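# Architecture and fold: a report
Single-letter residue listing:
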Amino acid sequence: MQKEAPRDRRRLAFMWTWLAVLLAGCGGPDGGTSQPAAGELIDQKLSAVLYEQGFTGRVEQSLERRLGRKLDPRLADVGRLLFFDRISNLHNDNTCAGCHAPTNGFGDSQPMAIGIQSNLLVGPHRLGPRNQRRTPTVVNAAFYPRLMWNGRFAALSGDPFNNALGFQFPLPEGVSKFGPNNPRYPHLLVAQAHMPPTELNEAAGFTGVLDGIDPRLQVFDDGMGMRVPGLDASGSRNEAIREVVVQRLNAVPDYVRKFAEVFGQVREGGAVDIDMFAKAIAEFEFTLVRANAPLDRFARGDAGAMTASQKHGALLFFGKANCVSCHAVRGASNEMFSDFRMHNIGVPQIAPAFGPAKGNTIFDGPGENEDFGLEQVTGEIGDRYKFRTSPLRNLAAQPAFFHNGAFVKLEDAVRHHLDVLASLKNYDAAKAGVAPDLVGRTAPVDTVSATLDPQMSKALRLTEAEFADLVNFLRYGLLDERVRPGEMCKLVPDKLPSGPQFLTFEACR
Ligand code: HEC
Ligand code: HEC
């Protein structure tokens, strides 16, 4: 494989942009005066800013180089089937795509995820008990060095493609399960795919679960699906659940055959293992990279890829508004608009009521209406309410914003950042437009603001025009049109190896 010097490439891209700007100036309508027009000045400024930030617009093209191989279309296709199949869900009524919905750029159709016991719809009319957080998109997650809202799954190398230092997960997996240089887990997403089937409220259900859970959760035992294994000697049921998933996979000849086509060594009678399952899921996720937004094309030299308003918004984002100090693009950020660190930015805490058809997760705090975020991982009270800086690509596909969907308009999510303390104090869930079942259990403001990120304690003033430009940049300047439902719905399989498609994707109909 050809070795590249990324810095030189960036310099080259920058020079091309510059050259394009100059050439455009010569042939411009004003007959080539030496004064650059306003549009050219802004192009020059933005090119310079992107260069300074190390933003190339070429992260999508780097995927196979960083994997060190070409994508395997057959493996990705098995992964696609698995992603839509209930085979890995012991409760038999949900799958990855029920939450990571093709109708929403493989993120949530909901402000807060609904897992098991849903009405099998995916879209605005999905009903069922809520979990605790909004489902982030898996589009571009191949480039995330740290996963989940509280950052609990991480590549210790800082690079999801590099397992030299291992992948860190909370117990029972800990640091040993996906340890350094283990060829079974070549990428952070391969490790991650071991987790969803083990989540009771998302996938496995509560049927027959007697141990290891708060007894109040036993009301969600509806006797449906399979009996969930009890705790093993290590005090966890995760491995036991994975074993059941493996048995289920091996019972479907179509899956055994498809895995054999890829891995060769699958024995007669079936020996698909959980690592094969995880590799297939991750391979499908690798095919879901969509990072060719107007900003990327601009960075690669197409000055016409962005509107003037988007360019102004970008300059605010990287400049006066300093959003980039957290929503970073350089280095380990992989041009994903996140530093992949956790901050408390004072997002209002909202929660559903607990109980059948309402909510099946016990929240934190005395009122059980809070989400402690990073504190759940570190045990440090100073980490309370800290959440991972959201990557900002393809926001236009999302029906709600922040870890809990506290705002349903992008404008409101941005406005919240401009004056966090005022936003928190004046927050009204009903006015923010959140679903009725998430209104009425807002946590007290003073607790949320106690660990506020210092950068958020000062209000930022923008004119109305600046605000509109900033939102325009976020909504369209970072949108890859290929995440729209029209494109993504093409990935929904007509039928599945285990039987018919069982979810209805509302916006795909
Ligand atoms: C019940 C809904 C639900 C199901 C089913 C589900 N997920 Fe998720 N997923 C979530 C939520 C919610 C999060 C964030 C959870 C958190 O931060 O605590 C998440 C996080 C992720 C992430 C990390 C994304 C990021 O930005 O850090 C990946 C990758 C992922 N899920 C893949 C999968 C795969 C693969 C499956 C199926 C095997 C699956 N999920 C099943 C809801 C779901
Ligand atoms: C101090 C770090 C920090 C700064 C500065 C910052 N953000 Fe954020 N941003 C975050 C964090 C953390 C989240 C996720 C919070 C949560 O969900 O609880 C977030 C979430 C968002 C979201 C919601 C995305 C989603 O998927 O829900 C948007 C939009 C956003 N930020 C835009 C901006 C803009 C625009 C600016 C500049 C005006 C900015 N941010 C400045 C840390 C920051």
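So, here's what we can say about the structure. One numbering rule holds for all chains: residues counted from 1, following each sequence as written. Written order decides the labels, with chains lettered from A and ligands numbered from 1. With pLDDT at 70 or above as the cut-off, local features in this predicted model cover only qualifying residues; side-chain atom pairs require 80 or more to be listed or tallied, and sums for whole chains, interfaces and linings still use all residues. The side-chain quantities take in all heavy atoms of the structure and omit both hydrogens and water.

## A look at the coordination of the iron atom of ligand 2
Coordination sphere of the iron atom of ligand 2, protein contribution only: H327 (NE2) and H417 (NE2), at 2.0 to 2.1 Å. For the iron atom of ligand 2, the 6 donor atoms are set out with angles of 85 to 179° between them, so the coordination reads as octahedral. In this pair, H327 sits in the loop between α12 (308-318) and β5 (342-343) while H417 sits in helix α14 (residues 410-418), placing the two residues 90 residues apart along the sequence. Here H327 falls in the buried class, since its relative accessible area comes to 11%. The donor set comprises N, O and S atoms within 2.8 Å of the metal, extended to 3.2 Å for Na, K and Ca; water molecules are omitted, so apparent gaps in a site may simply reflect that omission. Just to be clear on the cut-offs, tetrahedral is four donors with all angles between 85 and 135 degrees, square planar is four donors and octahedral six with opposite donors over 155 degrees apart and all others between 65 and 115, and anything else goes down as irregular. Numbering of helices and strands runs from the N terminus; a helix is a DSSP stretch of H or I covering at least four residues, while a strand is a stretch of E covering at least two. With a 1.4 Å probe rolled over the protein chains alone, any residue whose accessible area is under 20% of its type maximum counts as buried; one over 50% counts as exposed, and the rest are partly exposed.

## Topic: the site of ligand 1
Looking at ligand 1, there are 25 residues lining it, with C96, C99, H100, M148 and W149 nearest. The term polar contact refers here to a pair of N or O atoms within 3.5 Å; inside protein, the definition further demands a hydrogen-donor-capable atom paired with an acceptor-capable atom, and it admits residues adjacent in sequence only when both atoms are side-chain atoms. One of the side-chain nitrogen or oxygen atoms of R388 is found 2.7 Å away from an oxygen atom of ligand 1. In this count, Pro and Cys sit with the nonpolar residues alongside Ala, Val, Leu, Ile, Met, Phe, Trp and Tyr, while Asp, Glu, Lys and Arg are called charged and the others, Gly among them, polar. For the shell around ligand 1, the class distribution of residues is 12 nonpolar, 7 polar and 6 charged. Whether a residue is near a molecule or strand depends on its heavy atoms: it is near if one of them lies within 4 Å of it.

## Quick word on the pattern of salt bridges
Salt bridges are defined as contacts in which a side-chain nitrogen from Lys or Arg sits within 4 Å of a carboxyl oxygen from Asp or Glu. Evaluation of the coordinates by the stated rule reveals 28 salt bridges. Residue E368 pairs with R216 through a salt bridge whose shortest N-O separation is 3.0 Å. One end of the pair, E368, is in the loop between β5 and α13 (375-378); the other, R216, is in the loop between α7 (200-204) and α8 (238-250), and 152 residues separate them in sequence. Of the residues examined, E368 reaches a relative accessible area of 29% and is grouped as partly exposed. In this structure, the salt-bridge partner of E481 is R484, at a minimum N-O distance of 2.5 Å. Owing to a relative accessible area of 46%, E481 belongs among the partly exposed residues under this scheme. R484 gets classed as partly exposed once you look at its relative accessible area, which sits at 38%. Here the salt bridges share partners, and the residues they tie into one network are E173, K177, E239 and R242.

## Description of the sheet that holds strand β3 (residues 153-155)
The criterion for strand pairing is that DSSP finds at least two bridges linking the strands in question. Judged by pairing direction, the sheet is antiparallel, and its 3 strands sit side by side in the order β2-β3-β4 without closing on themselves. Looking at the sheet topology across the chains shown, the edges are occupied by β2 (146-147) and β4 (167-168). As defined by bridge partners, β3 adjoins β4 across 2 bridges and the pair is classed as antiparallel. Along β4, the bridge assignment pairs A155 with F167.

None of this, on its own, says anything about what the molecule does.
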